[in-house]
Amino acid sequence: MTVIRTAIEQSLIVLDRTNSSMEAVTKRIATGKKINAPKDDPVLWASAEKGRSIAEYLGAVNNSLESVAISIRGADLTMETIGKHIDQMIEAVKNFPPYPMGDTSAERAKFLQSFNGIRQMIDDLTLPPRDDLGQYIMADPGSLAEPVDMWSVVIDEEGHVRTIQKREVDTGPGGLNIPELTEGDITTTGLPGGPLDETKLNDIIANLERANETLGEKRSGLASDAAGIARAKAFNDRVAAFYTTFAENVEQADVDEAAAQVKSLELKRELALEALGSITSMHSELVGLLR
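None of the values given here were measured: they were computed from a predicted structure.

Attention now goes to the overall build of the protein chain. A count of helical and extended segments in the protein chain gives six helices and two strands. When its helices and strands are written in sequence order, the protein chain yields α-α-α-α-β-β-α-α. In the protein chain, which comprises 291 residues, the share counted as buried stands at 34%. A sequence separation of at least 24 residues applies to 72% of the contacts in the protein chain between residues at least 6 apart.

Okay, here's the thing in structure tokens:
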């Protein structure tokens, strides 16, 4: 009787395990995943979760990099506008006629007002608000609450950073170095109302042309930073795609294999039920004989 009871218990254990396996395989077919929970395979589950975590982190990094890229593009467009303003200033000086002393002081005042007004427009374009990295890049450090020479931004999942350099393009000495003009700056005597000095006017044009060259150099540096950010984003996209695919492959069930397992488990369950039935029948016959 003890032997029969043990056989029944073992058959029930086999049947229970078979039913559990059948449930797991059926779930794979229904969901398309071989790992639906940590209990299915803790190691593979952890690997898949790590892959997804890295992909999500890289997505956040790229969101941050996109904000930086937008700021850099904004700074570049602003520098383009500044370049047009400098061209306007050059044209204004070139087209300013050499009025003799005492003549058309109103014209001189209009010229100076125009020149200095455009200069102020350049400075206005570089004044930073609190949250615009693009204008912080271009601003005079003296206009910032906390002077900053560079910004470090995280570019990958390992925490590597890329440094965004300042490209100061205000009209001050640290930027484009375009001084404000007075009437004395354009006369031979250095006094208001004196004859215009062609040499001084040519010096002003030369200084503006140097400012344009400086602006071009700073735009080139900005383009280099933008290219670095773009490369980092593209690399992160590839790495994130790799980890996402890895996680999906780890979790994905082989439906054909699962279907074969279902057939095998069905047969195993049938055999277990037959065995259990036979043992139970034998137990009943023995009990009848012993009465």
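Moving on, we come to the packing of aromatic side chains. Inspection of the entire model under this criterion finds two aromatic pairs. Considering the side-chain rings of Phe111 and Phe115, the 6.3 Å spacing of their centres and the 50° angle between planes classify their relative orientation as tilted. With Phe111 and Phe115 both in helix H3 (residues 105-126), this residue pair falls four residues apart, about one helical turn. Relative accessible area serves as the criterion here: at 1%, Phe115 is assigned to the buried category. Between Phe242 and Tyr243 the ring centres are 5.3 Å apart and the planes differ by 75°, which places this aromatic pair in the edge-to-face class. Take Phe242: its relative accessible area is 53%, and that puts it in the exposed class.

This brings us to the pattern of salt bridges. A complete count under the given rule lists seven salt bridges for this structure. Of the charged contacts in the structure, one is a salt bridge between Asp225 and Arg167, with a shortest N-O distance of 3.0 Å. Of this pair, Asp225 sits in helix H5 (residues 198-251) while Arg167 is found in the loop between strand E2 (161-165) and H5, placing the two residues 58 residues apart along the sequence. For the residue pair Asp225 and Arg167, the accessibility class agrees, reading buried in each case. Bridged by salt links that share partners, the residues Glu66, Arg73 and Lys233 form one connected network.

A general trend in soluble globular proteins is that nonpolar side chains are found buried together. If you look at the biggest cluster of nonpolar residues, it comprises 40 residues, and the most contacted ones within it are Ile86, Ile178 and Leu208. Residue assignment for this core shows that the elements contributing at least two residues are helix H2 (42-94), H3, helix H4 (133-138), strand E1 (150-154) and H5. The biggest single contributor to this core is H2, with 12 residues. Judged by nonpolar contacts, the second largest core, of five residues, contains Ile54, Ala55, Leu58 and Val239.

Here we come to the environment of Ala60. Tracing the chain through its elements places Ala60 in helix H2. C-alpha of Ala60 to C-alpha of Asp156: the two residues are 96 residues apart in sequence and 9.9 Å apart in space.

Okay, the confidence of the model for the protein chain next. Confidence along the protein chain averages 77 in pLDDT terms, with 64% of residues attaining 70 or more. The least confident element of the protein chain is helix H6 (residues 255-289), whose mean pLDDT is 55; the most confident is H5, at 91. Confidence drops under a pLDDT of 50 for residues 285-291, and excluding neighbours within four residues, the segment shows two contacts in the predicted structure.

Further remarks concern the side chain of Asn236. For Asn236, the position within the fold is in helix H5. On the basis of relative accessibility, which here comes to 1%, the residue Asn236 falls in the buried class. A polar side-chain atom of Asn236 sits 2.9 Å from a polar atom in the side chain of Asn62. Leaving out residues up to four positions away in the same chain, Asn236 has contacts with Leu58, Val61, Asn62, Leu65, Ile155 and Asp156.

What follows deals with a nonpolar patch on the surface. A surface patch of nonpolar side chains, amounting to about 240 Å² of accessible area, comprises Tyr57, Val154 and Val161. Relative to the helices and strands, Val154 resides in strand E1.

To continue, consider the environment of Arg167. Classification of Arg167 by relative accessible area gives buried; the value is 16%. Excluding residues within four positions of it along the chain, Arg167 makes contact with Met79, Ile137, Met138, Lys218, Gly221, Leu222 and Asp225. There is a polar contact of 3.0 Å between the side chain of Arg167 and the side chain of Asp225.

Criteria and thresholds
- Residues numbered from 1 in each chain as written.
- Predicted model: local features only at pLDDT ≥ 70, side-chain atom pairs only at ≥ 80, totals over all residues.
- Heavy atoms only, no water.
- Helix = DSSP H or I, 4+ residues; strand = E, 2+ residues; numbered from the N terminus.
- Buried < 20%, exposed > 50% of the residue type's maximum accessible area, 1.4 Å probe, protein only.
- Contact = heavy atoms within 4.5 Å.
- Phe/Tyr/Trp six-rings, centres within 6.5 Å; stacked < 30°, edge-to-face > 60°.
- Salt bridge = Lys/Arg side-chain N within 4 Å of Asp/Glu carboxyl O.
- Core = buried A, V, L, I, M, F, W, Y, C linked by side-chain atoms within 4.5 Å.
- pLDDT = per-residue confidence, 0-100.
- Polar contact = N/O pair within 3.5 Å; in protein donor to acceptor, adjacent residues only side chain to side chain.
- Patch = residues over 30% accessible without salt bridge, like charges linked within 9 Å, V, L, I, M, F, W, Y side chains within 5 Å.
- Areas by Shrake-Rupley, 256 points an atom, 1.4 Å probe, with all protein chains shown as cover.

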